[in-house]
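Report on the structure
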Amino acid sequence: MSTRAREGKQPDRLLLFTTVLLCGAGLVMVASASVARAYTQYGSAFYYAERQAAWMAIGFVALFVLSRIDYHKLRPLAPAGAVVASLLMILVLVPHLGVTVNGARRWFDAGPLGTFQPSELGKLAFAVFVAYWIDKNAAQIGDFRKVFLPFAAALCGVLVLLMLQRDLGTAVVMVAIFVSVYWTAGGRFRHMALLIGGLGAGMVVVTIKEPYRFARLAAYKNPFADPLGAGFQATQSLYGLASGGWFGVGISHSIEKYGWLPEAHTDFIFAILGEETGLVGTTLVMLGFLFFGLRGYRAALRAPDRFGVGLAASITTWICFEALLNMATVTNTLPITGVPLPFFSYGGTAVATELAAVGVLLSIARSGTGSSLGRTDEAIDRWRRDRRAPVSGARSRPSVSR
Amino acid sequence: MTALVVGAARSGIALAIHLTASGESVRVVDRKHAAELRNELAQMPPDVDLRLGNDAGVLEGVDVVYASPGVPWDSQLLNDARARGIPVSSEIDLFLKLCPGTVVGITGTNGKTTTTALTGEVLAAGDRPVIVGGNIGDTVLDRLDEITPDHWVVLELSTFQLESVERTRLHVGVILNITPDHLDRHGTFERYVDLKARAIEFAGPEDYAVLNGRDEVVRGLAERTRGQVVWFDQHQPLPPIALPGAHNMDNALAAAAVGRIAGLPDDTINQAIRSFKGVEHRLELVGEWTGVRWYNDSKATNPDAGRVAVNSFPGAPVVLIAGGYGSGFELSAWVSDVLAKTEAVILLGASAELLQAALRHHPKVLRVASLEEAVEVAAGLSRDGGVVLFSPAYKSYDMFKDYEDRGNQFKALVHKRFAA
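Please read all numbers here as calculations on a predicted model, not as lab measurements. (Residues numbered from 1 in each chain as written. Chains lettered and ligands numbered in written order. Predicted model: local features only at pLDDT ≥ 70, side-chain atom pairs only at ≥ 80, totals over all residues.)

Next up on the list: the overall build of chain B. Helix and strand content of chain B: 16 helices and 17 strands. In chain B, which comprises 420 residues, the proportion classed as buried is 54%. Looking at chain B alone, contacts between residues at least 24 apart form 67% of all its contacts between residues at least 6 apart. (Helix = DSSP H or I, 4+ residues; strand = E, 2+ residues; numbered from the N terminus. Buried ≥ 20, exposed ≤ 12 C-beta atoms within 10 Å, placed from the backbone. Contact = placed C-beta atoms within 7 Å.)

A few words on helix 11 (residues 269-302) of chain A. Its 34 residues place the ends of helix 11 of chain A only 34 Å apart at the C-alpha level, less than the 50 Å of an ideal helix rising 1.5 Å per residue. Of all bends in helix 11 of chain A, the biggest is about 125°, found at Thr277 of chain A. (Expected span 1.5 Å × (residues − 1). Bend = angle between axes of the 7 residues up to and from the residue.)

The next point concerns the confidence of the model for chain B. All names here are of chain B. Of the residues in chain B, 97% reach a pLDDT of 70 or more, and the chain-wide mean stands at 88. The weakest mean pLDDT in chain B belongs to helix 7 (residues 183-186) at 58; the strongest belongs to strand 9 (residues 172-175) at 96. Among the scores for the predicted complex, ipTM is 0.76 and pTM is 0.81. (pLDDT = per-residue confidence, 0-100.)

The next point concerns the nonpolar core. All names here are of chain B. Counting residues in each nonpolar core, the largest one holds 124 residues, and the members touching the most others are Val104, Val210, Val258 and Ile273. A per-element tally of this core places helix 10 (residues 246-261) first, with 8 residues. Not counting residues up to four positions away in its chain, the partners in contact with Val210 are Val172, Gly173, Val174, Val230, Phe232, Ala254, Ala257 and Val258. (Core = buried A, V, L, I, M, F, W, Y, C linked by C-beta atoms within 7 Å.)

Domain assignment breaks chain B into domain 1 (2-86), domain 2 (93-274) and domain 3 (284-419). Domain 1 of chain B and domain 3 of chain B are separated by 39 Å when their C-alpha centres are compared. (Domains from an automatic or database assignment.)

The subject of this paragraph is helix 16 (residues 403-419) of chain B. Residue and element names in this part refer to chain B. Helix length check: helix 16, at 17 residues, gives a terminal C-alpha distance of 24 Å against a target of 24 Å (1.5 Å per residue), a fit within 8%. Every buried residue belonging to helix 16 is among Tyr403, Arg406, Gly407, Gln409, Phe410 and Val414, and all of these are buried. Seen from one end, helix 16 has its buried residues packed into an arc of 160°, which puts them on one side. Along helix 16, exposed side chains directed more than 90 degrees from the buried face belong to Lys416 and Ala419. The elements touched by buried residues of helix 16 are strand 12 (284-289), strand 13 (292-296), helix 15 (371-381) and strand 17 (387-390). (Arc of directions from axis to C-beta.)

Residues and elements named next belong to chain B. In this structure, Pro237 follows Gln236 across a cis peptide bond, with omega equal to -10°. Of note, Pro237 is situated in the loop between strand 11 (228-231) and helix 10. Phi is positive for Thr290, close to 40°, though the residue is something other than glycine. Residue position: Thr290 is located in the loop between strand 12 and strand 13.

A separate point is the sheet that holds strand 16 (residues 365-367) of chain B. Residues and elements named next belong to chain B. Spatially, 6 strands are ordered 12-13-17-14-15-16 in an open sheet, and the strand pairing comes out mixed. Bordering the open sheet on either side are strand 12 and strand 16, each of which pairs with just one other strand. Neighbour-to-neighbour, the strand axes of the sheet open up by a mean angle of 20°, direction not taken into account. Of the strand pairs in this sheet, strand 14 (residues 318-322) and strand 15 (residues 344-347) are connected by 4 bridges, and their pairing is parallel. In the strand pairing of strand 15, Ala322 is matched with Leu347. (Pairing = 2+ DSSP bridges. Axes fitted to C-alpha atoms, helices over the stretch in contact; angles between N-to-C directions.)

A few words on the sheet that holds strand 2 (residues 104-109) of chain A. Strand order across the open sheet formed by 3 strands is 1-2-3 (chain A), with antiparallel pairing between neighbours. Among the strands making up the open sheet, the edge pair consists of strand 1 (98-101) and strand 3 (115-116) of chain A.

So, on to the pairing of strand 3 (residues 49-52) of chain B. All names here are of chain B. Sheet analysis places strand 2 (residues 25-30) next to strand 3, joined by 4 bridges and oriented parallel. Bridge pairing in strand 3 places Asp30 opposite Leu52. Since strand 2 and strand 3 lie parallel, the crossover through helix 2 (residues 38-43) that links them has a hand, and here it is right-handed. (Right-handed = clockwise from strand over helix to strand, strands pointing away.)

Packed helices, taken two at a time, are described by their axes: the angle between them and the distance between them. Residues and elements named next belong to chain A. Their axes nearest at 11 Å, the elements helix 7 (residues 168-184) and helix 8 (residues 189-209) cross at an angle of 170°. Compared by their axis directions, helix 7 and helix 8 come out roughly antiparallel. On helix 8, the residues that touch Val175, Val179, Tyr182 and Trp183 of helix 7 are Met192, Leu195, Ile196 and Leu199. Tallied by class, residues from the contact of helix 7 with helix 8 come to 8 nonpolar, no polar and no charged. (Parallel < 35°, antiparallel > 145°, perpendicular 65-115°, else oblique. Nonpolar A, V, L, I, M, F, W, Y, C, P; charged D, E, K, R; others polar.)

Quick look at the packing of helix 2 (residues 13-42) of chain A against helix 11 of chain A now. Residues and elements named next belong to chain A. Interaxial distance between helix 2 and helix 11 falls to 10 Å at its minimum, and their mutual angle equals 160°. Put simply, helix 2 runs roughly antiparallel to helix 11. The crossing of helix 2 and helix 11 is left-handed. Residues Leu14, Leu15, Thr18, Thr19, Leu21, Leu22, Ala25, Met29, Val30, Ser32 and Ala33 of helix 2 form the contact with helix 11, whose own contacting residues are Ile269, Ile272, Leu273, Glu276, Val285, Gly288, Phe291, Phe292, Arg295 and Gly296. Grouping the constituent residues of the contact of helix 2 with helix 11 by class yields 14 nonpolar, 5 polar and 2 charged. (Left-handed = near helix turned anticlockwise from the far one by under 90°.)

All right, on to the pairing of strand 6 (residues 102-107) of chain B then. All names here are of chain B. A large share of strand 6 lies buried, amounting to 6 of its 6 residues. Burial along strand 6 is two-sided: Thr102, Val104 and Ile106 facing one way and Val103, Gly105 and Thr107 facing the other are all buried. Sheet analysis places strand 6 next to strand 8 (residues 152-156), joined by 5 bridges and oriented parallel. If you follow Gly105 over to strand 8, its bridge partner there is Leu155.

Residues and elements named next belong to chain A. Per-residue confidence for chain A gives a mean pLDDT of 84; residues scoring 70 or more make up 89%. When the criterion is pLDDT under 50, residues 1-8 qualifies, and its contacts beyond four places in sequence or with other chains add up to 11 contacts. Low pLDDT, under 50, characterises residues 371-402; the stretch is placed with 46 contacts to residues that sit more than four places away or in other chains.

Here it is in structure tokens:
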């Protein structure tokens, strides 16, 4: 019965289609943006593109599998997943196990596939875990000591691990993942404000203590004050976007990627996108993420249970918030935090995990056909109620057989 | 017109009275004999044509057949009627066709009664008049005259009743959970699910299907309705239910979701839920003596309901009194919960021997001969801060009249024990 019923359910094709488009565009951009670096470093122009394609393939297999299975099967795995992710994030800090790049130790060597970054896997593992834990404790959600303190402590523990990897970007995204679940379960606004305020203060302290972060902050205020030093990346990024103009210089014709813009194929790929495809290209990608967000939150609003709501909301927030943060960094709207652009930036673990997460999101979207009357949906509901009282139609019963 | 009423019990009487009053000539048939039905027959309208025991010619001249809820929908008599082209209806079918109010139908394997009562309380907190009925006790047919188009009618609908309605068009259909139970009468689980789905299958676009998204089977039913699906697990903030157990939170969530559909403000809904004291015989607090809380859960007539009760007191030492009449239950889940959550188990009734074997790994299992002895033994075993839980997980037939009688006896024995 239930299996027959489930087979009839349609997956959210729009969400899948958007993801495929973004990934396709992302792969093209990785290939284009990494050509110069790949050729000079590895003697093969498509070194990065090949690895990204391989990880994307792994990601799509995960997406396909996870979208087919009921997301409730993840529930019992949630605690184990969080423990494994935490252990990997601790192990990566051990000097001979972890690989250091640009002064940050965040990766394992993954042989032919390049590197493996446990904190990316951690985003999905913790999204599932927090959705599970908050669902379990939903009855006491407003309780400061029973729910808020353990929740905040768990988040802080993860943040400490990320700060030890010098990964402020992932830390900020992790806060968004945790808080979005807390919010969907009806957590107190006061508590969230307290948490974010406290973390903000902590971030200020960390920024002041780390010289490179402080320099980034100074460069953010006016990158052109020191265009060859601290402001170099920001100015090159802006040059790239500016020379793209309306329609761009054409795919593969970027100048910035030839050694000018650092991290052109990873965190700053959006600048190359802007240079090569112009405002049209960047706007389309932004609309893609906007649409992804709409479909993702729609899945959250229609999810059949609290676990699904929390999980869908956290995955959507993670992808969209990360994209927003990345674009803000590239356009120098925010100081450089070092987050990848989902589906675009080179980084195998990131893209594979993101696609796996989209698989979970698709599974939730498939289970939920309902319209919730929950708090988050209240505005829509009130609008509907204003237009016609929900039961007045039922009361007059135009079509009931007598 | 001659109408045949099948079954002379509570709803059979209501049917006979209603049909007689609306000018039909009524014939009542029951397998039982006059001696067994003395009380019921006294309430029948005087001009009813009674056919008791086995009567071969009972269908002669009948234009329509109305079945009581206890009558199997595929029984020989009803099938014979269908074969002769006589339309077969039922009490609830008749009621739904005639009821002018807005109907909220609540079904599910467990929790129907509590949710129906609670939903009634929630809706009563609003401006419109409310009538609560269905499986819960009184039949609703005899109250048809009071019902106006402004009324909310909250009905507890059993699978039997859902089966016997031609088109169950409910304005709000609530499905709480679906677990294997009553399979003896409905055959396969698939068939059972199909019958439960009738609560939402006939809904129109302006109707609502209130579903438990946490229940895997119920989740799968969402696409079988054209009504607006409301997942009650999404309701926020959680309603302030005073009753113990996660299942009662589900019941409260469902009632709160119906309250919102009715357009009631959250404060009103929560006020009604906060002051709800529960249903008799359903995890009912009998009282507290020497630091021990005594609960009557006589309505738990299957292991699934028994599990729900056993899981309702996390952390407290529980002395469980269980056992009764019945067979064919899948016990493994109940056994593992009882092993994990109870300190001692006291068994009585026909199933005691079977349960004792199933619970052989439990450190403390005792068998008693009577409910009185069970209460006495439980009082000796319980300790401060603990719970004595009478949740039989079986039907009551061997020692009591019904679950209500069983629960009342338990309560009387407990009160007697502590009166001194």
